[in-house]
Amino acid sequence: MISKPKGTYDIYGSDGKYYNYINAVFQNVAELYNYEYIRTPIFEDSALFHRSVGETSDIVSKETYDFKDRGDRDITLRPEGTAGVVRSFIENKMYGDTNQPKKFYYSGTMYRYERPQAGRYREFTQIGVEALGSDSPLMDAEVISLAYRLMEEMGIENVTVKINSLGDKESRDNYREALVKYLEPHINDLCSDCQNRFKTNPLRILDCKVDQDTEILKNVPKILDYLNPDSKKRFEKVLEYLNYLDVDYEVDANIVRGLDYYNHTVFELVADIEDLGNASTIAAGGRYNSLVSTLDGPETPCVGFASGVDRLMIVLKKLRAEEIKNAIDVYVLAVNEEEKITALKLVQDLRWSEVKCEMDTLDRSLKAQFKQADRLGARLLILLNSEELQKGIITVKDNLTHEETKVDESEILDYIISNM
Ligand code: HAM
């Protein structure tokens, strides 16, 4: 038997219902906020991720799925969705449209060669939005509140938005200098990855999973103390707008994010759910004002977020285990050929009247059909019986109260619809 690759899983049964539910709610919310659907390729030129997510990020240095295609091109399975959207924005010259800002939403699989554990997979699905073309703190507030309301809409309420600002380039340069000065005497006490990060990208050290809880990292200078007046003012505006929108947030100077492209606002939505272990971040994002120009497009300020659908599935299974099931409205019971033909036509008419229904296709006995109707959670049963059919009568049974009603065959559709 061939097994699935490590870090992947099959979505079927109740998982399928959660998966579709999350995507449906997301699509609805994103459309309400006037975001347009975008789909970009699952694989892209490797250079796209090296230049956007960053050479020194864990994602690019350790986690990408890279391969040469048969034409000897360097290809990478996308580890995230932002870079592809930005590539598309530039390649399709969307910056030239009069309709700005461009607001996109997407849903799709991403690939990272991580150590699999609860809520962390090698193939996973992200839903996300990207707003390209506006530098206003209003846009940051819209994106963050969209993420927050999305969780609320799905019934996930114990969520905290952790927010920080990385400031502009000047603020970050000042901070980097202070950080290097602080870390230099301690460098030999850090893990070997951090010793490398110290040379290549010291800010990454703040994100280290190994050194995170050491005294050295607990006492590092805070980036918020190094924001220049413009960056500070900007951050305060975002927080002010979030207050107007009733978003519960917590300023957390430790949020730096593992991707290189961020500046100013960065944020994470964290769910307080045990089952997620250390994968409790259900959504994350921020502003990335330099990414479009880094990828050879015109200066374009952007902000966005992405949320892990697989993690949301774990949360929903815990919080709403009973609710999101797939009960049917009606089960039609039929045994002989005449009854089956009546059932066949009736089931079609019911389905096209928006009634979710099912009939037997396994030649089950009547008793077994009753059991199957229970398994499917049918609310009403239609009991077809040749003798009654000859008199133009159909029996409908309420599966909860067990009450039976005789209905004229010509009125069966109206009866079922009015009892739904
Ligand atoms: P990220 O923080 O790398 O950001 O991923 C966003 C979310 O994807 C995480 O918070 C988590 O819920 C989910 N996720 C990440 N890795 C995995 C995994 N291995 N298994 C399951 N879920 C995972 C980004 O990807 C940015 N592109 C977000 C963004 C959009 N920033 C601006 N716009």
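Please read all numbers here as calculations on a predicted model, not as lab measurements.

S.K.: It is not clear to me how the domain arrangement of the protein should be interpreted in this structure. Could you clarify?
M.R.: Often the size quoted for an interface is simply the accessible area lost on bringing the parts together. Partitioning the protein into domains gives domain 1 (13-168 + 228-320), domain 2 (170-214) and domain 3 (330-418). On a C-alpha basis, the centroid separation for the pair domain 1 and domain 3 is 47 Å.

S.K.: Teacher, can you tell me more about the sheet that holds strand 3 (residues 65-68) here?
M.R.: Whenever strands of a sheet pair, they do so through backbone hydrogen bonds, lying parallel or antiparallel. Here 3 strands make up an open sheet; going across it, the order is 2-4-3 and the pairing antiparallel. Only two strands of the sheet have a single neighbouring strand rather than two, namely strand 2 (43-45) and strand 3. Each neighbouring strand pair of the sheet contributes to a mean axis angle of 35°, computed without reference to strand direction. In terms of strand pairing, strand 3 meets strand 4 (residues 74-77) through 4 bridges, oriented antiparallel. Across the sheet, the residue bridging to Tyr65 is Leu77, located in strand 4.

S.K.: Can you help me understand helix 4 (residues 82-91) in this one?
M.R.: Among the 10 residues that make up helix 4, 9 are buried, leaving the element largely enclosed by the rest of the structure. In this structure, the buried residues of helix 4 make contact with strand 2, helix 2 (46-52), strand 5 (102-111), strand 6 (123-132) and helix 10 (291-294). Just downstream of helix 4 lies Lys93, where phi reads positive at about 50°.

S.K.: Whenever I open this one, the site of the ligand confuses me. Can you help?
M.R.: Near the ligand lie 26 residues; those nearest to it are Glu80, Glu114, Glu130, Arg257 and Tyr262. In this structure, Gln126 approaches the ligand through a side-chain N or O atom, which is 3.0 Å from an oxygen atom. One of the backbone nitrogen or oxygen atoms of Gly308 is found 3.2 Å away from an oxygen atom of the ligand. Isolated, the ligand exposes 650 Å² of accessible area, and the fraction of that covered by the protein chains is 96%. Broken down by secondary-structure element, the contributors of at least two residues to the shell around the ligand are strand 6, strand 10 (281-287) and strand 11 (302-308). Among the elements that line the shell around the ligand, the one with the most residues is strand 10, at 6 residues.

S.K.: Looking at this structure, how should I read the pattern of salt bridges?
M.R.: Opposite charge on two side chains allows them to pair when their charged atoms are near. Tallied over the entire structure, the rule returns 27 salt bridges. Here Glu358 makes a salt bridge to Arg351, at a shortest N to O gap of 3.3 Å. For Glu358, a relative accessible area of 31% puts it in the partly exposed group. Residue Arg351 is classed as partly exposed on the basis of its relative accessible area of 41%. A single salt-bridge network, built from bridges that share partners, covers Asp58, Lys62, Asp193 and Arg197.

S.K.: Hey, could you run me through the sheet that holds strand 12 (residues 330-333) in this one?
M.R.: If you walk across this open sheet you meet the 5 strands as 13-12-14-15-16, and the pairing is mixed. Of all strands in the sheet, those with a lone pairing partner are strand 13 (357-359) and strand 16 (404-408), marking the two edges. Ignoring which end each strand starts from, the neighbouring axes of this sheet average 25° apart. As judged from the 4 bridges shared by strand 12 and strand 14 (residues 380-383), these two strands associate in the parallel manner. In the sheet register, Leu333 faces strand 14, and the bridge partner there is Leu383. Running at roughly 165° to strand 13, helix 12 (residues 337-351) makes contact with strand 12, strand 13 and strand 14 of the sheet. Sheet contacts for helix 13 (residues 366-375): strand 12 and strand 14; angle to strand 12, the most-contacted strand, approximately 175°.

S.K.: Please clarify how unusual backbone geometry should be interpreted in this entry.
M.R.: Generally, phi is negative for residues other than glycine and the peptide bonds are trans, each holding for most cases. Each neighbour pair has its own omega, and for Gln100 with Pro101 the value is -10°, a cis peptide bond. Note on placement: Pro101 falls in the loop between helix 4 and strand 5. The phi dihedral of Asp246 falls on the positive side, at around 55°, and the residue is not glycine. Residue placement: Asp246 occurs in the loop between helix 9 (229-244) and strand 8 (249-251). According to the relative accessible area criterion, Asp246 is exposed, its value standing at 59%. Even without glycine at this site, His402 takes up a positive phi of about 65°. Considering the arrangement of structural elements, one finds His402 in the loop between strand 15 (393-398) and strand 16.

S.K.: What's the story with the packing of aromatic side chains in this structure? I'm lost.
M.R.: The geometry of an aromatic ring pair is captured by the separation of the ring centres together with the interplanar angle, meaning the angle of the planes. Inspection of every chain in the model, using the stated rule, returns 8 aromatic pairs. Relative to Tyr105, the ring of Tyr37 has its centre 5.6 Å away and its plane inclined at 65°; by these criteria the two rings are edge-to-face. With Tyr37 in strand 1 (residues 36-37) and Tyr105 in strand 5, this pair connects stretches of sequence that are 68 residues apart. Owing to a relative accessible area of 46%, Tyr37 belongs among the partly exposed residues under this scheme. Grouping aromatic residues by their ring pairs yields a cluster made of Phe26, Tyr37 and Tyr105. Directly above the aromatic system of Tyr113 lies the positively charged group of Arg122, at a separation of 3.8 Å from the ring centroid.

Procedures and definitions
Residues numbered from 1 in each chain as written. Predicted model: local features only at pLDDT ≥ 70, side-chain atom pairs only at ≥ 80, totals over all residues. Heavy atoms only, no water. Domains from an automatic or database assignment. Pairing = 2+ DSSP bridges. Helix = DSSP H or I, 4+ residues; strand = E, 2+ residues; numbered from the N terminus. Axes fitted to C-alpha atoms, helices over the stretch in contact; angles between N-to-C directions. Buried < 20%, exposed > 50% of the residue type's maximum accessible area, 1.4 Å probe, protein only. Contact = heavy atoms within 4.5 Å. Near = heavy atom within 4 Å. Polar contact = N/O pair within 3.5 Å; in protein donor to acceptor, adjacent residues only side chain to side chain. Areas by Shrake-Rupley, 256 points an atom, 1.4 Å probe, with all protein chains shown as cover. Salt bridge = Lys/Arg side-chain N within 4 Å of Asp/Glu carboxyl O. Phe/Tyr/Trp six-rings, centres within 6.5 Å; stacked < 30°, edge-to-face > 60°. Lys NZ or Arg CZ within 6 Å of the ring centre and 35° of its normal.

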